[in-house]
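Architecture at a glance
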Amino acid sequence: MSAAVTELDDDSPVNPGEHHTHGPTDGQYFKIFFLLVGLTALEVSTYWWDDIFNADTKKIAVPVLLTLMVIKFFLVALYFMHLKFDSPLLKRTFYAGMIIAILVYGAALTVMNFWSDSGTTHFNNPPIDPPAPFCADCPGG
Amino acid sequence: MAIIEDQRPLELTTGHEPAATESPSPLGVFARPKANTGWRSWVNTVDHKKIGIMYGVASFFFLLVGGFEALLIRLQLSVPGNQLLSADLYNQVFTMHGVTMVFMVIMPMASAFANYLIPLQIGARDVSFPRMNALSLWIWLAGAIFFNSSWLLGGGANGGWFNYAPNAGVTFSPGTGIDFYAIGLLIMGIGSTVSAVNLTVTVLNMRAPGMTLMKMPVFTWMNFVVQVLLVFALPVITVALLLLTLDRMFGAAFFDASKGGDPFLWEHLFWIFGHPEVYIMVLPAFGMVSEIIPVFSRKPIFGYPFMVGSGIAIGFMGWGVWAHHMFASGMGQLSVLAFSLSTLFIAVPTGVKILNWMATMYGGRLKFSVPMLFSVGLVGMFTIGGLSGVTHAFAPADTQQTDTYYIVAHFHYVLFGGALLGMMGGLYFWWPKMFGHFLGERTGKWHFWLMLVGFNLTFGPMHILGLQGMMRRTYTYTSNQGFSMWNMVSTTGAFIIALSLLVFMGNVVFSYRKHRKNPVNPGADPWDARSLEWMIPSPAPEYNFAEIPVVEEFDEFWHRKYGHDENGRLVRIAKTEDVVESSDPVTVHLPSPSYWPLVLALGMPLVGYGLIFNLWWAVPGVILIVAGIYGWVMEPATDPDASHGHDDHHGDPDEPDAAEIEAGESAESELVSASAGSAGVTADGGDSQ
Amino acid sequence: MSDLAYESLEDVEFPDDIHTTSTGISNEKLGMWVYLASDCLLFGGMISTYLIYKNRPGEIAGLSGNTHKVSEYFDIPFTSMTSFILLMSSLTMVLAVNSVIRGDLTRLRLWLTSTAVLGGLFLGGQIYEFTNFVVNDGLGFTSNVASSAFFALTGLHGVHVVVGVIMLLSMLAISFGTRIRAEAVEVVGLYWHFVDIVWVLIFTIVYLIP
Ligand code: HEM
Ligand SMILES: [Cu+2]
């Protein structure tokens with residue numbers, strides 16, 4: 001938090017219209033784009049890892065994929081969407097939404113046993129046996 | 001209604017050409033409308049004050065609708081074994097009551113105040129996006145009427161305001177009531193989203209010079225928190241409602257356990273929205289009380305940073321407690337424990353507020369005018385509701401209380417005793433600013449005491465009933481259950497509340513008549529108040545501030561009136577008349593009216609009917625929406641004729657000029673197509689099917 | 001914590017001209033960002049829904065529908081192509097913004113058109129993918145909860161893309177009219193990039209992680 005505060009202090013409001021001057025140039029955009037393409041290629045390659053390495057690569061592939069996803073996300077947000085160059089208020093606004101989304105839905109998924117999901121239709125619970133008859137000769141018991 | 005007819009005070013006093021000036025417009029139909037008198041001036045207005053008043057009138061109308069439903073509920077329950085309402089009708093009545101009160105009374109009434117007051121309190125001439133402001137009003141109203149039209153079209157929703165799955169699925173609720181619930185709330189949600197974005201940007205961007213965030217009045221602050229909460233909470237219920245619509249109309253099974261779906265998902269999504277929602281409902285009233293109490297205690301608000309901070313804290317923590325509504329759902333011990341703890345913590349910032357109000361009153365020169373009475377009423381009643389809230393934060397206790405009348409007592413103490421009492425106080429307080437005359441003081445006192453007594457008689461006994469085991473949402477009970485006496489008391493109380501509302505309406509009518517016969521202007525500052533809205537004439541002129549004030553301190557207006565002498569005693573340094581604004585504006589540039597928001601909004605319920613009954617209905621709806629957007633984009637940004645000496649100054653038309661940011665309008669169209677984008681998703685996304 | 005952060009905003013100077021805003025950010029841009037922040041929770045909810053249901057194709061014979069997951073039928077090479085197309089449209093979008101800042105209307109039109117075309121291609125790919133699921137794999141919207149959640153999520157994203165394409169085309173039309181403001185293009189661009197980053201998430205979370 002304190003970092004954000006100091007960052008803010010030297011950011012006097014830009015004059016609307018002037019702040020465009022310090023956005024990336026076309027050349028820089030191309031560089032970022034090629035970086036993104038490379039990362040995407042890497043991502044897609046995980047699909048064949050199992051075959052290439054002849055092993056179950058899921059344990060490695062998933063963290064790699066998630067990392068790449070985050071990097072791509074921020075490359076687009078910070079550069080293409082100018083978050084890096086614009087007023088910090090915009091960054092905060094967007095991050096607020098993101099963080100609330102991650103925390104809240106993360107918690108909800110946890111409560112719904114998502115991380116330990118066994119994939120059964122019974123949501124991790126063993127199928128319920130029909131209740132034992134309350135008394136032997138009750139109708140329908 | 002007197003409120004609507006009373007336009008005279010809002011008529012333009014100065015600053016505008018007469019309506020008759022004809023100007024040849026190159027764009028024909030897209031010229032901005034000019035009427036600024038008569039009903040047209042209300043239909044096409046983009047003035048935040050008129051929009052606020054319309055929100056107020058409409059929400060009061062729905063208060064009467066919801067109140068009528070409440071009386072039906074209470075009549076049904078007044079005696080055991082009553083057959084006034086059938087079980088099915090009872091379900092519909094309490095559901096419609098709840099949804100109406102939450103989404104069509106408390107929220108829009110708060111919007112009324114927010115719209116009217118935020119620009120005034122931050123020293124702005126209007127909101128950031130005036131046309132979008134009109135749009136959100138009309139969309140909300142269209143959705144509200146759509147929702148209530150279900151009474152005539154096959155029966156209202158009957159799943160409770162939280163509309164739990166799987167009961168809400170087609171299997172158990174085959175009628176169309178719940179479809180109206182889903183689509184009605186989606187439509188209203190679009191309106192609220194538009195308005196929340198608009199007001200968030202307004203607070204951030206439209207402040208007068210020197211009005212830093214920490215100099216904003218507490219009312220504006222609390223509403224700012226509310227708007228931010230809305231921005232983040234509405235999409236959550238939008239997801240839930242979308243899934244519900246897909247389930248009910250397009251054959252999905254998201255909430256149908258028999259087909260692999262999970263009813264829990266609805267509960268989670270609803271309450272992730274639902275708990276922030278309860279603070280969305282109560283914080284505006286907290287803000288009003290925080291304005292009223294200092295004025296009638298003649299002391300500044302105690303602990304302003306804490307007041308603001310606790311509001312933010314409530315808003316923030318409100319995201320982490322939702323599952324306290326699901327303690328009995330079997331979600332697992334760890335979850336119950338975690339949410340029980342977080343719920344206990346959230347009572348702390350709430351308590352801070354209560355202590356701060358009391359500390360503000362402590363040692364003040366108290367004057368118990370009607371607004372103050374309502375505010376003190378809020379402090380007391382809300383405390384009771386907050387305390388019962390804490391009792392069901394403890395999960396073991398809550399498993400006894402949940403779904404009983406004890407819960408009903410809790411949330412009525414916080415919502416009626418908190419939100420509604422506060423807003424009633426707000427009405428008495430800001431009435432002179434809005435309409436240029438006072439509401440009757442004596443009648444107002446009758447109103448207050450009747451309401452307070454009726455309220456406690458209605459909801460107090462519900463604590464007892466709940467602990468005795470009376471379940472909510474059950475249409476009747478038997479005489480040997482021992483519930484009869486308190487239910488009778490409660491019903492009596494409900495009618496006393498109804499009487500108090502009649503008194504209020506009488507007050508509105510009679511004070512208006514009195515004012516017409518013998519107009520006495522209350523002056524800019526009838527209460528010797530503190531914030532900027534009291535600096536401008538009453539009723540507030542169309543342009544708000546003739547000259548945008550430069551703010552130096554919190555409670556700026558007060559500090560212009562009072563200072564300290566050499567002994568540190570409070571003294572008057574200027575006469576009120578000298579401080580308030582009197583000059584006429586010369587170059588005020590106001591946004592021109594527009595019909596397109598209304599056109600756009602009218603399309604939405606048609607799409608809704610189309611989805612429910614016959615897709616052909618959606619066709620005119622979509623046409624209206626498209627026409628609305630098209631007209632919106634095409635109409636000239638600001639009508640040059642309506643401006644006053646301050647014309648737009650565009651350079652070479654072909655030269656893009658990023659530096660030219662006019663206050664508000666041009667690119668607004670883009671933004672609206674973005675939000676209309678989500679409109680498309682929710683309202684007519686299913687068209688293709 | 002949060003109020004501390006806001007307090008620091010006090011340092012912000014206020015321009016005297018009432019035509020500029022208190023924060024220096026234009027209303028339109030701030031509004032768009034607030035809306036995008038809100039959209040985070042919309043897509044967050046839809047993605048969570050998919051996550052919860054993705055492994056629950058019908059197990060109860062006869063009741064819960066088709067027993068295949070959607071993910072069994074993903075055509076990763078094809079979807080990689082469409083993802084690449086969307087990524088490329090982000091590039092053309094920033095180039096459009098840079099052109100309008102330079103005042104280069106011809107390039108602006110070129111890049112806007114290519115962005116819209118790429119968006120259209122993406123949509124075409126999505127339609128192709130959907131038809132493929134339905135026709136060849138027999139997996140429609142109502143087949144089971146997993147497929148419902150998949151179609152709902154990607155469909156919602158698709159609707160966002162449609163809206164984006166319409167906005168791009170409107171910008172194009174406006175650029176032939178009297179005047180166009182650089183900022184308007186930029187704000188549309190923000191929306192477009194957001195749709196792109198949501199796809200970055202969906203592509204990884206839904207398609208690549210099995
Ligand atoms: C002091 C802080 C508060 C605490 C600790 C608290 C706690 C709770 C809990 C645990 C429940 C669930 C009870 C159950 O269903 O078994 C509940 C219900 C409810 N609360 Fe609160 N609450 C607080 C303040 C508020 C406020 C300020 C409002 C609204 C303005 C509110 C509105 C509601 C509503 C509407 C329900 C019932 C929802 C329903 O079941 O229909 N509460 N509260
Ligand atoms: Cu709650």
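Please refer to the structure higher up on the page.
First things first, this report covers the structure right here in the doc. The numbering scheme is per chain: residues are counted from 1 as the chain's sequence reads. Chain labels run from A onward and ligand labels from 1 onward, assigned in the order the entries are written. Where totals are concerned, whole chains, interfaces and linings use all residues; where local detail is concerned, this predicted model gives features only for residues with pLDDT of at least 70, and gives and counts side-chain atom pairs only at 80 or more. To obtain the side-chain values, all non-hydrogen atoms of the structure were included, while hydrogens and water were left out.

**Notes on the site of ligand 1**
Residues and elements named next belong to chain B. Here a residue is considered near a molecule or strand provided that any single heavy atom belonging to it is located within 4 Å of it. Neighbouring residues of ligand 1: 23 residues in total, closest Trp161, Asp398, Thr402, His410 and Arg472. Polar contacts, as used here, are pairs of N or O atoms within 3.5 Å; protein pairs need one atom able to donate a hydrogen and one able to accept it. Residues neighboring in sequence count only if both atoms are side-chain atoms. A distance of 2.7 Å separates an oxygen atom of ligand 1 from a polar atom in the side chain of threonine 402. Each helix corresponds to a stretch of at least 4 residues labelled H or I by DSSP, and each strand to a stretch of at least 2 residues labelled E; elements are numbered beginning at the N terminus. For the shell around ligand 1, the secondary structure elements donating two or more residues are α8 (263-297), α11 (370-391) and α13 (405-435). When residues of the shell around ligand 1 are assigned to their parent elements, the largest contribution, 5 residues, is made by α13. Each residue is assigned to one class: nonpolar for Ala, Val, Leu, Ile, Met, Phe, Trp, Tyr, Cys and Pro, charged for Asp, Glu, Lys and Arg, and polar for all the others, Gly among them. A per-class count over the shell around ligand 1 returns 13 nonpolar, 8 polar and 2 charged.

**Describing the pattern of salt bridges**
Residue and element names in this part refer to chain B. Take a side-chain nitrogen of Lys or Arg and a carboxyl oxygen of Asp or Glu: if they are within 4 Å of each other, that pair is a salt bridge. A complete count under the given rule lists 17 salt bridges over all chains for this structure. Between aspartate 528 and lysine 561 there is a salt bridge, with its nearest N and O atoms 2.7 Å apart. On the criterion of sequence distance, the pair formed by aspartate 528 in the loop between α15 (484-517) and α16 (556-561) and lysine 561 in helix α16 is long-range, its members being 33 residues apart. The two residues aspartate 528 and lysine 561 agree in class, both being buried. Between aspartate 528 and arginine 572 there is a salt bridge; the shortest N-O distance is 3.7 Å. Taken together, the residues span a long stretch of sequence, with aspartate 528 in the loop between α15 and α16 and arginine 572 in strand β2 (residues 570-572) at a distance of 44 residues. Accessible area is worked out with a 1.4 Å probe on protein chains only. A residue is then buried under 20% of its type maximum, exposed over 50%, and partly exposed in between. Judged by relative accessible area, aspartate 528 falls into the buried class, the value being 14%. Judged by its relative accessible area of 41%, arginine 572 is partly exposed.

**Remarks on the coordination of the iron atom of ligand 1**
Residues and elements named next belong to chain B. Of the protein atoms, His410 (NE2) alone serves as a donor to the iron atom of ligand 1, at 2.1 Å. Excluding water, the donors of a metal are its N, O and S neighbours within 2.8 Å, or within 3.2 Å for Na, K and Ca, and that exclusion means sites may look incomplete. A separation of 4.5 Å is found between the iron atom of ligand 1 and the copper ion (ligand 2). Within the secondary structure, histidine 410 sits in helix α13.

**Quick notes on the coordination of the copper ion (ligand 2)**
All names here are of chain B. Bound to the copper ion (ligand 2) are the protein donor atoms His275 (ND1), His324 (NE2) and His325 (NE2), situated 1.9 to 2.1 Å from the metal. Sequence spacing of the donors to the copper ion (ligand 2): H-x48-H-H. Of the residues examined, histidine 324 reaches a relative accessible area of 13% and is grouped as buried. The exposure class of histidine 325 is partly exposed, given its relative accessible area of 28%.

**Observations regarding unusual backbone geometry**
All names here are of chain B. Here the bond from alanine 165 into proline 166 is cis, since omega is 0°, no more than 30 degrees from zero. Relative to the elements of secondary structure, proline 166 occurs in the loop between α5 (130-148) and α6 (177-205). Of the consecutive residues serine 538 and proline 539, the connecting peptide bond is found in the cis state with omega at -15°. Looking at where proline 539 falls in the secondary structure, it is placed in the loop between α15 and α16. In this model, asparagine 163 sits at a positive phi of 50°, which is unusual for a non-glycine residue. On the secondary structure map, asparagine 163 appears in the loop between α5 and α6. Its identity as a non-glycine residue notwithstanding, arginine 298 has a phi of 50°, on the positive side. The topology assignment puts arginine 298 in the loop between α8 and α9 (304-317).

**Re the side chain of Arg248(B)**
Residue and element names in this part refer to chain B. Relative to the helices and strands, arginine 248 resides in helix α7 (residues 218-250). Owing to a relative accessible area of 8%, arginine 248 belongs among the buried residues under this scheme. A distance of 2.8 Å separates the side chain of arginine 248 from the backbone oxygen of glycine 175, its partner in a polar contact. In terms of polar contacts, arginine 248 uses its side chain to reach the side chain of aspartate 179, at 2.6 Å. Beyond its immediate stretch of four places on either side in the chain, arginine 248 contacts Ala168, Gly169, Val170, Ser173, Pro174, Gly175, Ile178 and Asp179. Contact criterion: two residues are considered in contact whenever any of their non-hydrogen atoms come within 4.5 Å of each other.

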